[in-house]
Every structure is written in C-alpha cells, then in structure tokens.
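# Observations on the three-dimensional arrangement
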Amino acid sequence: MCTIKILIFFLVLAQTRSLNPGVKTRLTEKGLNAVNQVAQSLVARELDKLQLPDQGDDQVSLRNIRKESLTPPQSQMSLSTNGLTWVLRDFSTSIHFDWSYRKKVLFFTIRDSGSATASFSGVSLTLTLAVDLDGNQEPLLRSRGCSANIGDFNLKFHGGNAWLYNLIKGLFQNSIKNKIRDKICELVEKFVNENGARELRTMKTSANVGDLFALDFKLTESLVFTPQFIESRHSGEFYSKTGRTATPLTPAPIPDWPYTDNMLYIWVTDYTAKTAAYVTQSKDFLKYTITKQSLAAKDRNIMDTTCSSRDFCAGSILDSLSENYPNTSIAIDIRSAKTPEVAFTTSGLDLKLYGQLTFTAGGQTFLSCLVTLSLSGTAHIEKEILVGNIVDFSLSVSDVTSTLGDAQIENLNKVLNGVVSTFVQPALNDLANKGVDLPIVKDIRFTNAKLTFYNGYLVVATDVTYTGN
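Remember, it's a predicted structure, so these values are computed and weren't measured experimentally.

Cut-off values and rules
Every chain's residues receive numbers from 1 upward, in the order its sequence appears when written. Confidence filtering applies because this is a predicted model: local features only for residues at pLDDT of at least 70, side-chain atom pairs given and counted only at 80 or more, and all residues used for totals across whole chains, interfaces and linings. Water and hydrogen atoms were dropped before computing side-chain values, which therefore reflect all heavy atoms in the structure. To count as a disulfide, a pair of cysteine sulfur atoms needs to be within 2.5 Å. In this text, helices come from DSSP runs of H or I with a minimum length of four residues, and strands from runs of E with a minimum of two, each type numbered from the N-terminal end. When accessible area is computed with a 1.4 Å probe and restricted to protein chains, residues below 20% of their type maximum are described as buried, those above 50% as exposed, and intermediate ones as partly exposed. Between rings of Phe, Tyr and Trp, where Trp is taken as its six-membered ring, a pair exists when centres lie within 6.5 Å; planes separated by under 30 degrees are stacked, by over 60 edge-to-face, and by other angles tilted. Two conditions define a charge sitting above a ring: the NZ of Lys or the CZ of Arg must be within 6 Å of the ring centre, and it must be within 35 degrees of the ring normal. The span one expects for a helix is its residue count, reduced by one, times 1.5 Å. In this scheme, strands are said to pair when DSSP sees at least two bridges between them. By the criterion applied in these results, polar contacts are pairs of N or O atoms within 3.5 Å in which, for protein atoms, one can donate a hydrogen and the other can accept it, and in which residues neighboring in sequence qualify only through two side-chain atoms. Two residues qualify as a contact provided that any one of their heavy atoms is within 4.5 Å of a heavy atom in the partner residue. The term salt bridge refers to a pairing of a side-chain nitrogen on Lys or Arg with a carboxyl oxygen on Asp or Glu at a separation within 4 Å. Between N-to-C directions, angles span 0 to 180 degrees; the directions come from axes that are lines fitted to C-alpha atoms, helices contributing only their stretch in contact. What makes a nonpolar core is a set of buried Ala, Val, Leu, Ile, Met, Phe, Trp, Tyr and Cys residues whose side-chain atoms join them at distances within 4.5 Å.

### Here's the deal with the state of the cysteines
By the definition in use, this model includes two disulfides. One disulfide bridge connects C146 with C185, the sulfur atoms lying 2.2 Å from each other. Around the S-S axis, the bridge from C146 to C185 shows a dihedral of about -80° and counts as left-handed. With a gap of 39 residues between them, C146 in strand 7 (residues 139-158) and C185 in helix 4 (residues 173-200) connect regions that are remote in the sequence. Residue C185 is classed as buried on the basis of its relative accessible area of 8%. Put simply, C307 and C313 are joined by a disulfide, and their sulfur atoms are 1.6 Å apart.

Pasting the structure below:
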C-alpha cells in the first residue's frame with residue numbers, strides 16, 4: 001500500500017478540457033529511481049513480517065505455515081510513452097507447514113498427516129499500472145496487466161508416507177506451481193484495484209485559501225509519459241467556494257524545461273495569481289474599513305482627530321481636521337476600484353492594487369481619493385507549502401476630493417504610507433504566510449527545495465523523501 005501511495009501522485013488520469021496548465025509537476029528518472037529504492041525496501045520489509053494463516057477445509061488442511069528462508073525481490077521501475085512498468089524479480093522463499101487430509105471413500109475413511117517444505121526460486125512479477133474513471137468521473141488506480149513466473153518450485157514431504165508422496169509428486173507439482181503463479185497476480189491486482197481509490201484520496205485536488213476560496217488542482221489532461229519523466233498538468237485556477245464561475249483568463253504555455261538534476265519539479269504560473277485577482281474583485285471581496293476599534297489598543301490613538309499632548313494622531317497630520325471635526329475619530333473605507341494586476345517576473349511577484357479610499361470623521365466624509373498601490377514580493381517553500389511575502393511597496397494618489405480645503409498631498413501621502421505599512425502590508429503578509437498547499441500526496445517531504453521566479457511562472461526544484469509508515 002505504501003508503494004502504491006508513492007506512485008498515486010503520478011499515475012492519475014481525469015476527464016477534463018485540453019488547456020494549458022496553470023500548475024504542472026514532473027517526476028524525473030532520478031525521482032523514479034528514488035521511488036524504486038523505497039519500494040524495494042518496503043516490499044522486503046512487508047515480506048519479512050508476513051504471517052501466513054492456516055489454510056484448508058474439512059478434507060485438507062495446512063497448519064503452522066512459516067517461512068524458513070526468504071530472499072526479497074529486486075525492484076525495477078521503468079518509463080516509456082506507454083506508461084509505467086514495475087518489475088519484481090529474483091524472489092525466492094522456502095515455506096514449511098504441517099498438513100493433514102481426511103477423505104471418506106464408500107465405507108472407509110482415508111486419512112494421513114505429516115509436514116512438507118515448499119521451495120520457490122526465480123519468482124518474478126511484472127505489473128502495468130494505469131488509471132480508469134469511475135461513475136463520477138473521478139480517477140481510479142487500476143492494474144491493467146500482470147504476469148508472474150516461478151522459475152523453480154519443489155515440494156518435499158516429511159514423515160509418514162512421505163516416500164510415496166515424494167515419488168508421485170511429479171503428477172501434481174506443476175499443477176500446484178501454475179495455480180500459485182496465477183494466484184500471485186490475482187492477489188496483486190485485487191490489492192491495487194481495492195486500495196487504489198482509497199490511496200488516491202490522499203492526493204490534493206484542491207487547496208483552501210482562507211475560508212472562502214480555494215485552488216483547483218484537478219488535472220487538465222492525461223499524464224505525459226516519456227522515457228525520462230512523468231508529467232501531470234493541473235488547472236491551478238483560483239475559485240470561490242461560495243459559487244464558482246468561469247473566468248475569462250487562460251494560462252500561457254509553460255516553456256520547455258531541459259533540466260533533470262532534481263527528482264521533482266513543480267511549475268506555478270501567474271495564471272493562478274491572475275484568477276485570484278479576478279475572482280476576489282468579482283466577488284467584491286477586496287474591501288475593508290479601518291476604524292479605531294479594529295486596531296490594537298496601543299495604536300488606536302492614531303485615529304483621533306484631536307491629539308493629547310503626547311500622542312501622534314490623524315489631526316496632527318491633516319490640517320483643519322481637528323478644527324472641523326474635534327474630539328472624534330476617523331474611519332477609512334477601502335474598496336478595490338478595479339481588478340488588481342499581478343505578474344510573475346524574474347524579480348519576483350509584482351502586484352498592483354487600485355483602491356477607492358473614503359475618509360470619514362464623526363460619520364461625515366471629509367476626504368476621498370484614488371490610490372494606486374504597487375507591491376513587490378517573493379516566495380519560498382516551507383514544509384511543502386508555497387509561502388509568500390510582500391517586501392516593498394510604493395503608492396500614488398489621484399482624484400483627491402476634500403472638505404478641508406486643498407488637501408496637502410504630501411501629508412496625505414504620509415497618512416496613506418502609514419495605513420499601508422501598518423495595516424495593508426501586514427494583512428497581506430498574514431495571508432501570504434499561511435501559504436498554499438502544492439498538489440502532492442501525504443508522506444512526501446521536500447529536501448533542498450529551491451524556488452526560482454521566471455517571467456510568467458515560478459519553478460520549485462526539489463528532491464523528495466518518503467516518510468510513511
């Protein structure tokens with residue numbers, strides 16, 4: 001099951017539109033080799049602790065089945081344009097058991113008992129993995145083909161009439177060998193088909209962004225298999241959980257990538273950020289009112305129109321505010337004037353917000369303006385989560401209307417810079433620092449992850465380890 005869980009992330013097929021992906025992942029041959037090493041270790045461990053229950057019916061029974069020796073198989077995984085092939089070979093084991101039989105023939109009952117040793121060597125298994133769609137059009141891992149072979153099989157009976165059974169075992173030994181060979185594939189395919197759906201649910205097909213929004217990680221097309229890598233292509237669209245509507249945006253093509261130094265590569269295009277801007281604007285989410293009560297107690301005096309002798313407040317910045325609106329506090333209503341502009345560049349994240357700001361004092365509007373806020377940010381990986389950070393900003397003011405007379409733009413800029421640095425930037429960083437999950441299964445951990453920005457997309461290049469039990 002653990003091995004299937006490792007592979008599930010890369011062996012998924014969904015019925016979707018054929019579009020450029022907003023998010024893309026690639027497991028390289030180096031990554032597959034690492035998966036293969038883990039798989040071989042897990043298979044050896046599972047075989048070593050395998051306990052075989054008693055078998056039989058009213059006539060024949062096998063009891064006290066135990067391993068006498070075991071050589072775990074060698075694991076090999078390979079890629080081609082047709083998919084993934086997993087081969088387990090050179091497995092051998094010797095099993096000892098007690099047997100008995102009882103059969104009634106006419107008026108007589110024939111019975112005997114003893115022990116035997118069954119030895120297998122040169123056992124191999126070749127499994128082809130693929131994905132079907134269930135009735136709900138959800139991907140489901142399936143075995144599409146299995147072949148097994150037993151190089152040598154030998155039964156040796158002990159005790160009682162063992163000499164007779166050893167003499168005639170050639171009459172039935174090959175039949176038993178073929179039945180065991182067929183049973184191997186039956187058990188393996190049953191395991192894959194029954195556990196595939198459950199393990200598939202550990203793959204992230206969406207990631208929450210706060211309580212109201214999410215990222216769609218469903219696949220946009222079939223997996224791409226080459227001899228060098230497996231590639232999955234995901235939507236990456238940002239959407240509202242309260243009512244999803246299509247956006248008019250489409251992802252740009254992701255350029256070819258020649259590098260294979262890392263096990264796993266993840267591309268995130270700025271389509272994801274652009275759809276976030278579009279959806280939050282269309283849902284009228286980009287609005288906030290700053291009041292005295294919304295601030296921490298230590299900062300509330302800044303909203304006062306009349307300052308105490310030791311305090312710094314709004315009335316000390318904007319002329320005539322304390323004279324026209326004494327002994328009250330201001331409120332700042334912020335609303336997005338149009339859809340934000342966002343882009344990934346080689347320098348990082350560029351974000352431009354357009355805000356309509358309305359200032360009130362004592363419930364009366366005394367100033368309004370349009371503000372263009374330009375922010376720049378970076379991103380990094382923390383525990384398989386994409387985390388952002390706003391590092392700098394600049395703003396410009398236009399369309400100023402004031403009942404205080406000619407508003408002094410310089411003083412207004414001071415107010416707005418204070419608003420952004422004190423409230424807007426920390427709020428954005430609180431959201432960005434929560435991060436966004438990437439489309440991976442649980443128990444996968446990044447090692448030495450590196451994030452690089454390019455024009456139109458970012459790339460996470462990382463090696464991976466498996467931490468499952």
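### A closer look at the packing of aromatic side chains
Applying the stated criterion across every chain, the model contains 16 aromatic pairs. One aromatic cluster in this structure is built from W257, Y259, Y265, W267, Y454 and Y457. When the ring centre of Y354 is taken as reference, the NZ or CZ atom of K338 above it lies at 4.2 Å.

### Considerations on helix 5 (residues 270-282)
Along an α-helix, residues three or four positions apart point the same way, because every turn accommodates 3.6 residues. With 13 residues, helix 5 extends 18 Å from end C-alpha to end C-alpha; this agrees with the ideal 18 Å at 1.5 Å per step. Those residues of helix 5 lying buried are D270, Y271, T272, A273, T275, A276, A277, V279 and T280. Just past helix 5, the residue D284 takes up positive phi, approximately 55°.

### Here's the deal with the pairing of strand 11 (residues 229-234)
Along any regular strand, the residues point their side chains to alternate faces of the sheet. The element strand 11 is largely enclosed, with a buried count of five among its six residues. In this structure, strand 10 (residues 224-225) lies alongside strand 11, joined through two bridges in antiparallel fashion. Opposite F225, over in strand 11, you have I230 as the bridge partner. Between strand 10 and strand 11, which pair antiparallel one after the other, the connecting turn spans three residues.

### Some remarks on the side chain of N429
Secondary-structure assignment places N429 in helix 7 (residues 409-434). At 2.6 Å, the side chain of N429 and the backbone nitrogen of I390 are in polar contact. Once residues lying within four places of it in the same chain are set aside, the contact partners of N429 are N389 and I390.

### A word on the pattern of salt bridges
Between side chains of opposite charge, a pair can form when the charged atoms approach closely. This structure, assessed with the given rule, holds 15 salt bridges. A salt bridge links R26 to E231; the nearest nitrogen and oxygen atoms lie 2.6 Å apart. Taken together, the positions of R26 in strand 1 (residues 23-28) and E231 in strand 11 put the pair 205 residues apart, joining distant regions of the chain. As far as the burial class goes, R26 and E231 line up, both buried. In this structure, D216 engages R244 in a salt bridge whose closest nitrogen and oxygen atoms are separated by 2.8 Å. With a gap of 28 residues between them, D216 in strand 9 (residues 213-216) and R244 in the loop between strand 12 (237-240) and strand 13 (264-269) connect regions that are remote in the sequence.

### Overview of the sheet that holds strand 11
Strand order across the open sheet formed by six strands is 10-11-1-13-21-20, with antiparallel pairing between neighbours. Only two strands of the sheet have a single neighbouring strand rather than two, namely strand 10 and strand 20 (444-454). When strand 20 meets strand 21 (residues 457-466), the two strands line up antiparallel, connected through nine bridges. If you follow T447 over to strand 21, its bridge partner there is D463. Sheet strands touched by helix 2 (residues 29-48): strand 1 and strand 21. Its angle to strand 1, the strand with the most contacts, is close to 65°. Here helix 5 sits on the sheet in contact with strand 1, strand 13 and strand 21, set at roughly 35° to strand 13.

### Brief notes about the nonpolar core
Of all hydrophobic cores here, the largest spans 66 residues; its most connected members are I266, L321, I330, I332, F359 and F366. Ranked by residues supplied to this core, first place goes to strand 17 (residues 364-382) with eight residues. Once residues lying within four places of it in the same chain are set aside, the contact partners of I332 are Y288, T289, I290, M303, L357, T358, F359 and V419. Ranked by size, the runner-up nonpolar core spans 21 residues in total, among them L141, A148, L219 and L223.

### What to know about helix 2
Between its terminal C-alpha atoms helix 2 stretches 28 Å, which fits the 28 Å expected from 20 residues at 1.5 Å a residue. Turning to helix 2, its buried residues number three or more, namely G31, L32, A34, V35, N36, A39, L42 and V43.

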